[in-house]
Amino acid sequence: MKQKRVMCTVKYDGSKFFGYQIQPKGRTVQQEIERALKKICKTEVTTHAAGRTDSGVHALGQVFHFDAPIDMEASRYKMAFNSLLPKDIYVTESKEIDSQMHARFHATRKEYHYRLSTNEHDPLLCDYVHYHRRQLDLTNMKEAITYFLGLHDFTSFTANVTDINKQRTIYVAEVSEVSEGEYLFRFVGSGFMKYMVRIMIGTLLRVGVGNIQPEEIPLIIAAKDRNTAGPTAKPEGLYLHSVTYGDGKNEEFYD
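Residue numbers restart at each chain and count upward from 1, following the sequence in its written direction. The predicted origin of the model limits local features to residues at a pLDDT of at least 70 and limits the giving and counting of side-chain atom pairs to 80 or more, whereas totals for whole chains, interfaces and linings rest on all residues. In computing side-chain properties, one takes all heavy atoms of the structure into account and sets aside hydrogens as well as water.

Observations concerning unusual backbone geometry
Not every positive phi belongs to a glycine, and Tyr 195 is a case in point at roughly 65°. Each helix is a run of DSSP H or I of at least 4 residues and each strand a run of E of at least 2, with the numbering of both proceeding from the N terminus. Inspection of the secondary structure puts Tyr 195 in the loop between strand E9 (182–189) and helix H4 (196–208). Residue Tyr 195 is classed as partly exposed on the basis of its relative accessible area, which comes to 27%. Look at Lys 224: it is not a glycine, yet its phi comes out positive at around 50°. Locating Lys 224 in the fold gives a position in the loop between helix H5 (217–223) and strand E10 (238–245). Summary of the burial criterion: residues with accessible area below 20% of their type's maximum are buried, those above 50% are exposed, and those between are partly exposed, where the area comes from a 1.4 Å probe applied to protein chains only.

Quick notes on helix H3 (residues 138–145)
An α-helical turn contains 3.6 residues, so any two residues separated by three or four positions project in the same direction. Where H3 is concerned, the buried positions are Leu 138, Met 141, Ala 144 and Ile 145. Each buried residue of H3 lies within a common arc of 125° when the element is viewed along its axis, so the set occupies one face. The contact rule is simple, with two residues in contact once any of their heavy atoms fall within 4.5 Å. On its buried face, H3 is in contact with strand E8 (167–179), E9, H4 and H5. As used in this structure description, the phrase polar contact means that two N or O atoms lie within 3.5 Å; if the pair is within protein, one of them must be able to donate a hydrogen and the other to accept it, and residues adjacent in sequence are counted only when both atoms belong to side chains. Regarding H3, its N-cap is Asp 137, as a side-chain oxygen of that residue lies 3.1 Å from the backbone nitrogen of Thr 139 further along. As used here, the arc belongs to the directions running from the helix axis to the C-beta atoms.

Describing the packing of aromatic side chains
Think of it this way: a Phe, Tyr or Trp ring, Trp meaning its six-membered ring, pairs with another when their centres are within 6.5 Å, and the plane angle makes it stacked under 30 degrees, edge-to-face over 60, tilted otherwise. Using the criterion set out here, one finds twelve aromatic pairs in the structure. Between Tyr 112 and Phe 192, the ring centres sit 5.2 Å apart and the planes meet at 80°, which makes this aromatic pair edge-to-face. With Tyr 112 in strand E5 (residues 107–117) and Phe 192 in the loop between E9 and H4, this residue pair connects regions lying 80 residues apart in the sequence. For the pair formed by Tyr 112 and Phe 192, the shared burial category is buried. A centroid spacing of 6.3 Å and a plane angle of 70° characterise the contact between Phe 148 and Phe 187, whose relative ring orientation is edge-to-face. Taken together, the positions of Phe 148 in the loop between H3 and strand E7 (150–153) and Phe 187 in strand E9 put the pair 39 residues apart, joining distant regions of the chain. Per residue, the accessibility class of Phe 148 equals that of Phe 187, and both read buried. Three or more aromatic residues joined by ring pairs make a cluster, and in this case those are Phe 64, Phe 66, Tyr 77 and Phe 81. Here, over-ring charges are defined by two tests on the NZ atom of lysine or the CZ atom of arginine: distance to the ring centre within 6 Å, and angle to the ring normal within 35 degrees. When the ring centre of Tyr 171 is taken as reference, the NZ or CZ atom of Arg 109 above it lies at 3.7 Å. We note Lys 194 situated over the ring of Tyr 195; from NZ or CZ to the ring centre the distance is 4.4 Å.

Some thoughts on the nonpolar core
Counting residues in each nonpolar core, the largest one holds 71 residues, and the members touching the most others are Phe 66, Tyr 77, Phe 81, Phe 148, Phe 157, Phe 185 and Phe 187. Per element, the largest residue contribution to this core is eight residues, and it comes from H4. Beyond its immediate stretch of four places on either side in the chain, Phe 157 contacts Phe 148, Lys 194, Tyr 195, Met 196, Ile 199, Met 200, Thr 203, Ile 220, Ile 221 and Ala 229. We define the nonpolar core as a collection of buried residues of types Ala, Val, Leu, Ile, Met, Phe, Trp, Tyr and Cys that are connected through side-chain atoms lying within 4.5 Å of one another.

Details of the side chain of Asp 88
As for its placement among the helices and strands, Asp 88 is situated in the loop between helix H2 (77–82) and strand E4 (89–97). The class for Asp 88 is buried, based on a relative accessible area of 15%. Separated by 3.0 Å, the side chains of Asp 88 and Arg 27 make a polar contact. For Asp 88, the residues in contact, after removing those within four places along its chain, are Lys 11, Tyr 12, Asp 13, Lys 16, Phe 17 and Arg 27.

Some details on the side chain of His 65
Checked against the element boundaries, His 65 lands in strand E3 (residues 58–68). At 3.1 Å, the side chain of His 65 and the backbone nitrogen of Ala 103 are in polar contact. The residues touching His 65, leaving out its near neighbours within four places in the chain, are Arg 5, Val 6, Met 7, Thr 46, Thr 47, His 48, Ile 97, Met 101, His 102 and Ala 103.

A word on the pairing of strand E1 (residues 4–12)
A large share of E1 lies buried, amounting to eight of its nine residues. In the sheet, E1 pairs with E3 via eight bridges, with the strands oriented antiparallel. Across the sheet, residue Arg 5 finds its bridge partner in E3, namely Asp 67. In this sheet, E4 lies alongside E1 in antiparallel orientation, the contact comprising eight bridges. In the sheet register, Lys 11 faces E4, and the bridge partner there is Tyr 90. Only when DSSP finds a minimum of two bridges between them are two strands counted as paired.

Some points on the packing of H3 against H4
Angles run from 0 to 180 degrees between N-to-C directions of axes, and those axes are lines fitted to C-alpha atoms, restricted for helices to the stretch in contact. At a minimum axis distance of 8 Å, the contact between H3 and H4 shows a crossing angle of 140°. Taken as axis vectors, H3 and H4 run oblique relative to one another. Seen from above, H3 lies across H4 with right-handed handedness. The residues of H4 that touch H3, namely those facing Asn 140, Met 141, Ala 144 and Ile 145, are Leu 204, Val 207 and Gly 208. Under the convention adopted here, Pro, Cys and the residues Ala, Val, Leu, Ile, Met, Phe, Trp and Tyr are nonpolar, Asp, Glu, Lys and Arg are charged, and Gly plus all remaining residues are polar. Per-class residue counts for the contact of H3 with H4 are five nonpolar, two polar and no charged. Here the word oblique covers every angle except those under 35 degrees (roughly parallel), over 145 (roughly antiparallel) and from 65 to 115 (roughly perpendicular). Working rule for handedness: look at the near helix, and if it is turned counterclockwise from the far one by less than a right angle, call the crossing left-handed; if clockwise, right-handed.

Next up, the structure:
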């Protein structure tokens, strides 16, 4: 039987996971997915995700693929997964894709959202929104975030110290107050490195409280020095919103 490649979109509550990727200790999203897949296929099957999310980070549209060892319609994997997965993971779509397509290497854009509140702490929401104790200057943050747009070397905004190309293109960078004291940060880019979004958020919060000025952002980017940027924002407000795929032709893939 010729194996078919299946791609799935999955959402999950990251608050009870030690990140997406399997690791020696701690519950992970990939571990739960592959455990369910083993029951479906009666054999070990390796999955490949569009990217890794860290401990406490959520996903509304994470994507993974695998090569199916059994003859089953790709669309049926959604129901099969959801009958076996724990309640904090849900597969929203499963479909057959070209055998050469890869969830990680053929992703052309990724979108991340970050939710933040300056309102009174709510223990029922604290795993899903970052509570910030100080009031924020939205006008300054709106100006500052625009400096991330375009192609830049984001060395100052990553914890990844390996010798890789740290250039990324940011297509959308915006912040809005969606209701009183409730903020939404939105980034769409060609790819994101380890802690990149959270470090950008931490730097924008320094702008919001007046510790740095918006026009200092280009200087921080140009420095290519992690020590010049702000702290890494907490993970609970971060969501991998979606992953976009093109036809894979004439694209430069970073992640």
